[in-house]
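Architecture and fold: a report
Here is how the chains run, residue by residue.
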Amino acid sequence: VVHLALEGLSRLPALPECISIADERRWRMALQREGLWGDLLDDALQVVLSSIAQALHHDNIGRWLLSPEHADAHSEWSLTTVDAQGKTRDIVIDRSFIDRATGQRWVIDYKNSGPASGESLEDFAARECAVYMEQLRQYRDTVRLLGAGPLRCGLYFTALGHLHTVRELELPALDS
């Protein structure tokens with residue numbers, strides 16, 4: 001539901017300053033469709049509301065990620081790719097866009113996870129990168145086939161409002 005909410009916000013002509021009652025109701029119903037009721041529903045809704053509030057905070061990177069100002073922006077971007085073994089595979093990229101200021105294409109994967117108790121943000125981000133590196137690499141390689149510009153990848157931790165850039169996956173622009 002966090003992904004659904006972020007997708008909806010990214011499609012608006014301008015980002016709101018805060019969460020509307022209508023959005024909250026829509027997200028509650030989406031959680032109910034997932035089978036949540038009672039305290040579980042209330043707890044899950046608080047996670048969604050907190051994550052979206054983080055993204056909408058006036059000085060948070062989330063506003064930049066969701067901005068309608070980016071070129072060639074996509075949310076929940078469905079693509080089909082062929083892997084190294086020749087098998088076709090459908091992928092869905094949470095967010096991708098070209099930053100008009102730098103000309104860099106970004107490929108962003110949303111993660112709703114957070115650090116374990118006592119775990120530093122750096123250690124948490126490194127652990128998550130290790131888990132999702134191959135998935136991000138496949139996303140990057142698929143998007144690279146669609147354009148020659150510089151490309152960056154990142155994990156956006158929704159509960160933290162934190163974007164972790166995966167520098168190992170950066171690609172420079174291809175020479176023409």
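For the structure, see preceding data.
This section reports on the structure supplied with the text. Counting restarts for each chain, with residues numbered from 1 along the sequence as it is written. Under the rules for a predicted model, residues below a pLDDT of 70 receive no local features and side-chain atom pairs below 80 are neither given nor counted, while totals for whole chains, interfaces and linings still include all residues. Side-chain descriptors were evaluated using all non-hydrogen atoms of the structure, hydrogens and water having been removed beforehand.

To continue, consider helix α3 (residues 38-56). Only DSSP runs of H or I reaching four residues or more are called helices, and only runs of E reaching two or more are called strands; each is numbered from the N terminus. By this rule, a helix spans an expected 1.5 Å times one less than how many residues it contains. Relative to the 27 Å expected for 19 residues at 1.5 Å per residue, α3 spans 27 Å between its end C-alpha atoms, a close match to the ideal helical length. Three labels apply to residues, based on accessible area from a 1.4 Å probe with only protein chains included: buried if under 20% of the type maximum, exposed if over 50%, partly exposed otherwise in between. What α3 keeps buried is the set L41, A44, L45, V48, L49, S51, I52, A55 and L56. Take α3 and look down its axis: the buried residues cluster within an arc of 165 degrees, on one side only. Relative to its buried face, α3 has exposed residues pointing more than 90 degrees away, namely D39 and D43. Residue contacts follow a heavy-atom distance rule, with two residues in contact if any of their heavy atoms lie within 4.5 Å. Contacts made by the buried residues of α3 are with α1 (2-10), α2 (21-33), α4 (61-66) and β4 (151-157). Throughout, the arc means that of the directions going from the helix axis to the C-beta atoms.

Here we come to the nonpolar core. As used here, the term nonpolar core means buried Ala, Val, Leu, Ile, Met, Phe, Trp, Tyr and Cys residues forming a set that is joined through side-chain atoms within 4.5 Å. With 23 residues, the main nonpolar core has L6, W27, I52, L66, I108 and Y156 as its most contacted residues. When contributions to this core are tallied by element, the ones reaching two or more residues are α1, α2, α3, α4 and β3 (105-111). Ranked by residues supplied to this core, first place goes to α3 with eight residues. Residues contacting I52, with those up to four places away along its chain left out, are V2, A5, L6, L9, I19 and W27. In this structure, V107, C129, F157 and V166 belong to the second largest nonpolar core, which totals 18 residues.

Another point: the pairing of strand β1 (residues 71-82). In this scheme, strands are said to pair when DSSP sees at least two bridges between them. Both β1 and strand β2 (residues 88-98) contribute to a ladder of nine bridges, which runs antiparallel. Within β2, the position partnered with S75 by the bridge is R95.

Each aromatic ring pair is summarised here by two numbers: the centre-to-centre distance and the angle between the ring planes. Two rings from Phe, Tyr or Trp (for Trp, the six-membered ring) form a pair when their centres sit within 6.5 Å of each other. Planes less than 30 degrees apart are called stacked, planes more than 60 degrees apart edge-to-face, and all others tilted. In the structure shown here, the tally under the stated rule is four aromatic pairs. For the pair W64 and W106, a centre-to-centre distance of 5.6 Å together with 90 degrees between the ring planes defines the contact as edge-to-face. Taken together, the residues span a long stretch of sequence, with W64 in helix α4 and W106 in strand β3 at a distance of 42 residues. Plain terms: the ring middles of Y110 and Y156 are 6.1 Å apart, the flat faces sit at 70 degrees to each other, and that makes the pair edge-to-face. Taken together, the residues Y110 in strand β3 and Y156 in strand β4 connect sequence positions 46 residues apart.

Bringing the sheet that holds β4 into the picture now. With respect to topology, five strands assemble into an open sheet ordered β1-β2-β3-β4-β5, the strand pairing being mixed. The open sheet has two edge strands with one neighbour each: β1 and β5 (162-165). Strand-to-strand twist in this sheet, taken as the mean axis angle between neighbours without regard to direction, amounts to 35 degrees. Note on definitions: angles span 0 to 180 degrees between N-to-C directions of axes, and those axes are lines fitted to C-alpha atoms, for helices only across the stretch in contact. On the sheet, α1 packs against β1, β2 and β3 and is oriented at approximately 130 degrees with respect to β1.

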